Structure formats: structure tokens, C-alpha cells
Amino acid sequence: MHLNQTRAAAGTALMAALSTILLLLGTFIPVNTLFFTAMAAYLIGYTISRYGLKYGAAQLVLCVLLDLFLNPDKFHWGLYLCLGGYIFLCELVFAKWNHIEDQKKKLRFQLVCNWGLFQVIFVPMLLFFRSFFPVFDMPAGTFLLWLAGQLGWIVYDKAYRVFISMLRERKL
């Protein structure tokens, strides 16, 4: 029993360290900021699928705090908080509330919940943190940014599902 908990804690610490390295790389290589931040958030999903929600939550909190203290650019901290929080909440919904037996209905329910979670995170950012998006100061810009966010969500969520399914198939 204690050996499994020790392995899970060590695995979570390794994933947190790798996530922190990816987050710092995203800061110092500005062209790949979104890619590195998304990969760091995907590792939360890996930790959840391997060790459980409790360890995934610990990794999220640990990485958010490390990024807050170590990363000089606080925009990346907020981006990781949103992306990692989204992954954690999606896995929480899937594990705790999605008890549908039919796989197609289960996937549809999960996608609707994921989209709703994304809207809860993205729309307040769009409305209250306009300084993050200075390019879209015109009135139609908010709608265009919202549409771009929906397309970004589709790509991000699909990439995450492919990443997790590849890991589950290989039993890593």
C-alpha cells in the first residue's frame, strides 16, 4: 500500500518537474509558448489517468505555485492556470459525473460538459481581461476572438483526447 502511494507521489513530482520545465521553456522560447503550456497541462491529465484525481490536483496546485514564483511572465501563469484547470475539471467531470453506459452518449455528454467548462473559463477572460487581447479593440473583434477561441478549443480538446488515448493504448 505504501509503496504504491510512494510511487504515485514520486511520479506526480516528476510530472510536476517536467511541467515546470515546459512552462519555463514556453517563457524563454516565445514562439512556442502555447505549445509548451498545453503540453504542461496535458501532463496533468496523464497524472490523473495514471495515479488518480488526488494526485492530479496536487500536480496542478504545485505547478501553478511553482510557475507563479519562478516564471517572470505572469501571463504564462494565467494561461497555464486556465489550460491546466480546464484539463483537471474535464477529468473530474468524466470520473465523477459521467455515469452513462452507452459510449457514444457518454462521449457526447463529455464534449458538451467540456465545451461548457471552456466557456466558463474563456468568456470571463474575454470580457474582463481585455488587455490580454489588444489586437481586438474593435466591436466586431470580441465576436471574432470568441470564434477563434471556439476553434482553438476544438483543436486543444481533440489533441488532448488523442494524447491520452495514445498513452492508454501503450499503458504508460
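Now for a look at the structure at hand. In this text the structure is predicted, and so the values were computed from the model without any measurement.

### Quick look at the overall build of the protein
Here is step 1: Across its full length, the protein carries 6 helices and 0 strands.
Here is step 2: In the protein, the succession of helices and strands from N to C terminus is α-α-α-α-α-α.
Here is step 3: Against the 2.2 N^0.38 benchmark of 16 Å for 172 residues, the protein shows a C-alpha radius of gyration of 17 Å, consistent with a compact globule.
Here is step 4: Overall, the C-alpha framework of the protein stretches about 60 × 45 × 25 Å when taken along its three principal axes.

### Points about the packing of aromatic side chains
Here is step 1: Going through the model one piece at a time under the given rule, you end up with 8 aromatic pairs.
Here is step 2: With a centroid separation of 6.4 Å and 70° between ring planes, the pair formed by Tyr51 and Tyr55 is classed as edge-to-face.
Here is step 3: The class for Tyr51 is partly exposed, based on a relative accessible area of 25%.
Here is step 4: A residue is classified by how much of its surface remains accessible, and Tyr55, at 16% relative accessible area, is buried.
Here is step 5: Members of the aromatic cluster, joined through ring pairs, are Tyr42, Tyr86, Tyr156, Tyr160 and Phe163.

### Let's talk about helix H3 (residues 53–70)
Here is step 1: For H3, which comprises 18 residues, the first-to-last C-alpha distance of 25 Å matches the rise-based estimate of 26 Å (1.5 Å per residue) to within 8%.
Here is step 2: Among the residues making up H3, those that are buried are Leu53, Tyr55, Gly56, Gln59, Leu60, Cys63, Val64 and Asp67. The buried residues of H3 occupy one face: seen down the axis, they fall within an arc of 170°. Facing away from the buried side of H3 by more than 90 degrees, the exposed set consists of Lys54 and Phe69.

### Here's the deal with the nonpolar core
General note: in soluble globular proteins, nonpolar side chains tend to be found buried as a group.
Here is step 1: With 37 residues, the main nonpolar core has Ile44, Tyr80, Tyr86, Ile87, Tyr156 and Phe163 as its most contacted residues.
Here is step 2: Going through the elements one at a time, helix H1 (2–28), helix H2 (33–51), H3, helix H4 (74–96), helix H5 (103–128) and helix H6 (139–170) are the ones with two or more residues in this core.
Here is step 3: If one sorts the elements of this core by residue count, H2 sits on top with 9 residues.
Here is step 4: Excluding residues within four positions of it along the chain, Tyr86 makes contact with Asn114, Leu117, Phe118, Ile121, Trp153, Tyr156 and Asp157.

### What about the environment of Cys63?
Here is step 1: Tracing the backbone through its elements, the reader meets Cys63 in helix H3.
Here is step 2: C-alpha of Cys63 to C-alpha of Ile121: the two residues are 58 residues apart in sequence and 19 Å apart in space.
Here is step 3: For Cys63, the contacting residues outside a window of four places in its chain are Ala16, Ser19, Thr20 and Tyr80.

### Brief notes about the packing of H4 against H5
Two measures define how a pair of helices packs: the angle their axes make with one another and the distance between the axes.
Here is step 1: Where H4 contacts H5, the axes come no closer than 10 Å and their chain directions differ by 150°. Classified by the interaxial angle, the pair formed by H4 and H5 is roughly antiparallel. For the pair H4 and H5, the sense of crossing is right-handed. The residues of H5 that touch H4, namely those facing Cys82, Tyr86, Leu89, Cys90, Val93 and Phe94, are Lys106, Gln110, Cys113, Asn114, Leu117, Phe118, Ile121 and Met125.
Here is step 2: Of the residues that constitute the contact of H4 with H5, the class distribution is 11 nonpolar, 2 polar and 1 charged.

### Thoughts on the state of the cysteines
Here is step 1: Applying the stated criterion across every chain yields a total of 0 disulfides.
Here is step 2: Cys82 provides the cysteine sulfur closest to Cys63, a residue in no disulfide bond, and the two sulfurs are 15 Å apart.
Here is step 3: Cys90 provides the cysteine sulfur closest to Cys113, a residue in no disulfide bond, and the two sulfurs are 8.6 Å apart.

### Things to note about the packing of H2 against H4
Here is step 1: Between H2 and H4, the least distance of the axes is 9 Å, while the angle of their chain directions is 30°. If you check the angle between H2 and H4, you find them roughly parallel. In the packing of H2 onto H4, the handedness of the crossing is right-handed. Between H2 and H4, the residues in contact are Thr33, Leu34, Thr37, Ala38, Ala40, Ala41, Tyr42, Ile44, Gly45 and Ile48 and His76, Leu79, Tyr80, Leu83, Gly84, Ile87, Phe88 and Glu91, respectively.
Here is step 2: Residue classes in the contact of H2 with H4 are distributed as 12 nonpolar, 5 polar and 1 charged.

Basis of the calculations
Residues numbered from 1 in each chain as written. Predicted model: local features only at pLDDT ≥ 70, side-chain atom pairs only at ≥ 80, totals over all residues. Heavy atoms only, no water. Helix = DSSP H or I, 4+ residues; strand = E, 2+ residues; numbered from the N terminus. Rg over C-alpha atoms; globule rule 2.2 N^0.38 Å. Phe/Tyr/Trp six-rings, centres within 6.5 Å; stacked < 30°, edge-to-face > 60°. Buried < 20%, exposed > 50% of the residue type's maximum accessible area, 1.4 Å probe, protein only. Expected span 1.5 Å × (residues − 1). Arc of directions from axis to C-beta. Core = buried A, V, L, I, M, F, W, Y, C linked by side-chain atoms within 4.5 Å. Contact = heavy atoms within 4.5 Å. Axes fitted to C-alpha atoms, helices over the stretch in contact; angles between N-to-C directions. Parallel < 35°, antiparallel > 145°, perpendicular 65-115°, else oblique. Left-handed = near helix turned anticlockwise from the far one by under 90°. Nonpolar A, V, L, I, M, F, W, Y, C, P; charged D, E, K, R; others polar. Disulfide = S-S within 2.5 Å.

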